[in-house]
Amino acid sequence: MELDWSYFFSLFSMGAFYRACVTVIALGSLSWLLGLVLGFCLAQAEASRLFWLRWPAKAYIWFFRSVPLLVLLVFVYNLPQIVPATGVVLGVPFLAGLVGMVMTEAAYMAEIHRGGLLSVARGQREAGHALGLGWFATQTRIVLPQAFRIALPSLINEFVTIIKLTSLVSVISLPELLLTGQRLYTQNFLILETLLAVAVYYVVIVTVFGAGLNALERRLDLQRRKPGTLDDGAQAALRAGLWVAPAATPAGKGTGAPPALQLQNIHKAYGTHQVLKGVDLTVQAGDVISIIGPSGSGKTSLIRTVNALESLDQGEIVLFGESYLQGAAPQDAARVRQGIRRIGMVFQGFNLFPHLTVLQNILLAPGLHGQGSTVEQRGTALRLLDKVGLLAHAHKYPHQLSGGQQQRVAIARALALRPDVMLFDEPTSALDPELVGEVLKVIQDLAAEGMTMLIVTHEMEFALQISDRIVFMENGLLQVDVPPAHLRQPTAEAGDAVARVRRFMGLEPATAAGA
Ligand SMILES: Nc1ncnc2c1ncn2[C@@H]1O[C@H](COP(=O)(O)OP(=O)(O)OP(=O)(O)O)[C@@H](O)[C@H]1O
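Residues numbered from 1 in each chain as written. Predicted model: local features only at pLDDT ≥ 70, side-chain atom pairs only at ≥ 80, totals over all residues. Heavy atoms only, no water.

Let's talk about the UniProt feature "domain: ABC transmembrane type-1" (unreviewed entry) in the protein chain
Stage number 1. The residues that UniProt annotates with the feature "domain: ABC transmembrane type-1" (unreviewed entry) are residues 21-213.
Stage number 2. Annotation note: span residues 21-213, helix share 81%, strand share 0%, distance between end C-alpha atoms 18 Å. (UniProt positions renumbered as here; feature names shortened; annotations may be inferred. Helix = DSSP H or I, 4+ residues; strand = E, 2+ residues; numbered from the N terminus.)

Here is the structure:
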């Protein structure tokens with residue numbers, strides 16, 4: 001038997017097939033788009049801490065991933081028999097098909113979105129928090145764009161699957177491609193020729209739309225974006241047009257002013273593990289305090305409680321004389337947010353937003369907080385970049401920078417909110433030794449300008465040089481809190497604790513009993 005090729009080719013000039021193509025594209029695209037949105041809502045609900053959101057979402061996903069689409073389509077189309085009111089919508093094959101497909105696709109896409117959301121590093125949300133961004137801003141400006149890029153290849157694959165699945169709606173009499181073909185070959189019995197033409201139509205649709213979506217994926221691929229370094233002329237032009245910020249007076253300085261920070265009897269446990277066991281620390285405005293101590297002593301946990309990245313189990317933190325965080329008590333969300341905005345935080349892992357340029361990273365929070373006009377925000381951001389020596393890299397993406405440069409951008413980003421206190425959590429620990437110096441220099445400059453700073457560090461010489469006080473933590477408690485001079489040249493009365501810190505810092509040789 002030979003195929004009837006002339007009949008096969010005649011099927012490509014048949015209006016019914018082109019109308020069927022429109023149906024397939026409309027049904028497929030709408031199912032994909034609505035599934036994308038509903039799937040995202042389901043994924044968010046599934047990740048929620050609220051069990052009344054989480055469990056219904058989980059149940060929905062489990063159920064609709066288990067029910068075959070064909071069964072669902074027939075059920076939805078026949079639902080008006082028992083619920084007549086639904087007939088207005090479900091009596092229309094296209095709408096019944098759309099409802100059935102969206103119900104199933106939302107469940108599948110929720111899982112794709114969940115994968116995307118899970119792969120956005122926790123530090124990204126923490127950076128949003130440290131910049132005083134609320135849940136919605138963090139989700140829409142930081143998490144979602146990254147999660148969407150990660151999920152895009154799977155979402156494109158799902159689009160292809162959906163286009164092919166539209167053939168199932170033939171079962172509810174919607175004249176898509178398969179039903180159009182079936183109606184023909186039941187009359188002329190040229191089954192293979194007709195199905196071959198149907199297959200070609202599907203292949204063309206998938207190829208054209210797949211190419212479009214792949215182009216979108218390439219466009220969103222950050223690794224392909226490689227803006228260059230600005231030359232001297234371009235940098236000079238940027239500097240020339242800058243708005244000049246009025247000189248800021250450091251907050252809370254002067255006699256009678258309250259301390260910048262008062263940590264009172266801070267307790268923190270992770271489960272049954274007591275990490276902070278009653279820490280008291282007072283930081284005067286303009287003070288630079290380095291927190292040192294052995295690994296696991298609670299330094300990072302302490303600094304994270306100060307900008308509410310960790311909750312307090314007990315105790316209180318007072319910021320410039322006003323109660324800010326309280327342990328084991330309902331927090332005043334507005335007051336906490338206000339406090340967080342007065343505190344800048346620099347993380348060990350930088351936590352720059354990879355989908356934004358250096359300049360956009362710095363502008364994000366001031367823009368969302370409406371801090372000054374856009375001209376002022378841009379001027380401040382460029383000035384800060386110039387200050388940390390990175391003006392030439394303003395339009396680059398974080399992946400184009402070295403670790404030291406990324407950390408300097410992170411410092412500029414934190415400074416853009418004009419904080420009164422800066423927290424540094426081991427700012428150089430993730431850097432190669434040759435890059436440490438450039439970051440320490442920026443911190444040193446800030447200290448010289450009178451910025452109040454709390455620095456968790458393992459850079460002992462730096463801590464000795466820069467600090468007004470060095471705090472030694474061990475076993476969840478502050479064991480020693482002294483000026484560096486007391487460690488460099490301990491007095492005769494200095495006790496064992498100071499000697500222990502000196503050994504820890506490498507200022508005196510370890511003894512068999514010490515260190
Ligand atoms: N999210 C968490 N969940 C459970 N335990 C935690 C958590 N974060 C920290 N810990 C534990 O709390 C203790 C103190 O950790 P922390 O990071 O504060 O110490 P650190 O002094 O900063 O240490 P390092 O110098 O190594 O960074 C450690 O035993 C750590 O395992």
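Following the structure, the description resumes.
Section: the site of the ligand
Stage number 1. Near the ligand, the surroundings consist of 13 residues, among which S295, K299, T300, S301 and E426 are the closest.
Stage number 2. Contacts to the ligand include E426, whose side-chain N or O atom sits 2.8 Å from an oxygen atom.
Stage number 3. When the free accessible area of the ligand is taken as 630 Å², the share hidden by the protein chains comes to 62%.
Stage number 4. Taken together, the elements giving at least two residues each to the shell around the ligand come down to β2 (273-283) and α12 (299-306).
Stage number 5. By residue class, the composition of the shell around the ligand is three nonpolar, eight polar and two charged. (Near = heavy atom within 4 Å. Polar contact = N/O pair within 3.5 Å; in protein donor to acceptor, adjacent residues only side chain to side chain. Areas by Shrake-Rupley, 256 points an atom, 1.4 Å probe, with all protein chains shown as cover. Nonpolar A, V, L, I, M, F, W, Y, C, P; charged D, E, K, R; others polar.)

Here's the deal with the sheet that holds strand β5 (residues 322-326)
Stage number 1. The four strands are arranged β2-β1-β4-β5 in an open sheet whose pairing can be described as antiparallel. In the strand order of this sheet, the two ends are held by β2 and β5, each with one partner. Adjacent strand axes in the sheet meet at a mean angle of 25° when their direction is disregarded.
Stage number 2. Pairing geometry for strand β4 (residues 314-319) and β5, over four bridges, is antiparallel. Within the sheet, the bridge partner assigned to V318 lies in β5 and is S323.
Stage number 3. Here α12 sits on the sheet in contact with β1 (261-270), β2, β4 and β5, set at roughly 120° to β1.
Stage number 4. Each of β4 and β5 touches helix α13 (residues 333-341); the most contacted strand, β5, lies at about 105° to it. (Pairing = 2+ DSSP bridges. Axes fitted to C-alpha atoms, helices over the stretch in contact; angles between N-to-C directions. Contact = heavy atoms within 4.5 Å.)

A look at helix α10 (residues 191-220)
Stage number 1. Here α10 spans 43 Å end to end across 30 residues, near enough to the 44 Å set by a 1.5 Å rise per residue.
Stage number 2. Within α10 the residues assigned to the buried category are E193, T194, A197, V198, Y201, Y202, I205, V206, G210, L213 and L220.
Stage number 3. Buried residues along α10 sit against α1 (5-10), α2 (15-46), α8 (135-165) and α9 (177-188). (Expected span 1.5 Å × (residues − 1). Buried < 20%, exposed > 50% of the residue type's maximum accessible area, 1.4 Å probe, protein only.)

Quick word on the sheet that holds strand β3 (residues 288-292)
Stage number 1. Overall, mixed pairing links the six strands, which are arranged β6-β7-β8-β3-β9-β10 in an open sheet. The sheet terminates laterally at β6 (343-346) and β10 (477-482), the two strands that pair on one side only. For this sheet, the mean angle separating the axes of adjacent strands, direction not counted, is 20°.
Stage number 2. As paired elements, β3 and strand β9 (residues 469-474) share four bridges and run parallel to each other. The residue of β9 that forms the bridge with S290 is I470.
Stage number 3. Here helix α20 (residues 496-504) sits on the sheet in contact with β3, β9 and β10, set at roughly 90° to β9.

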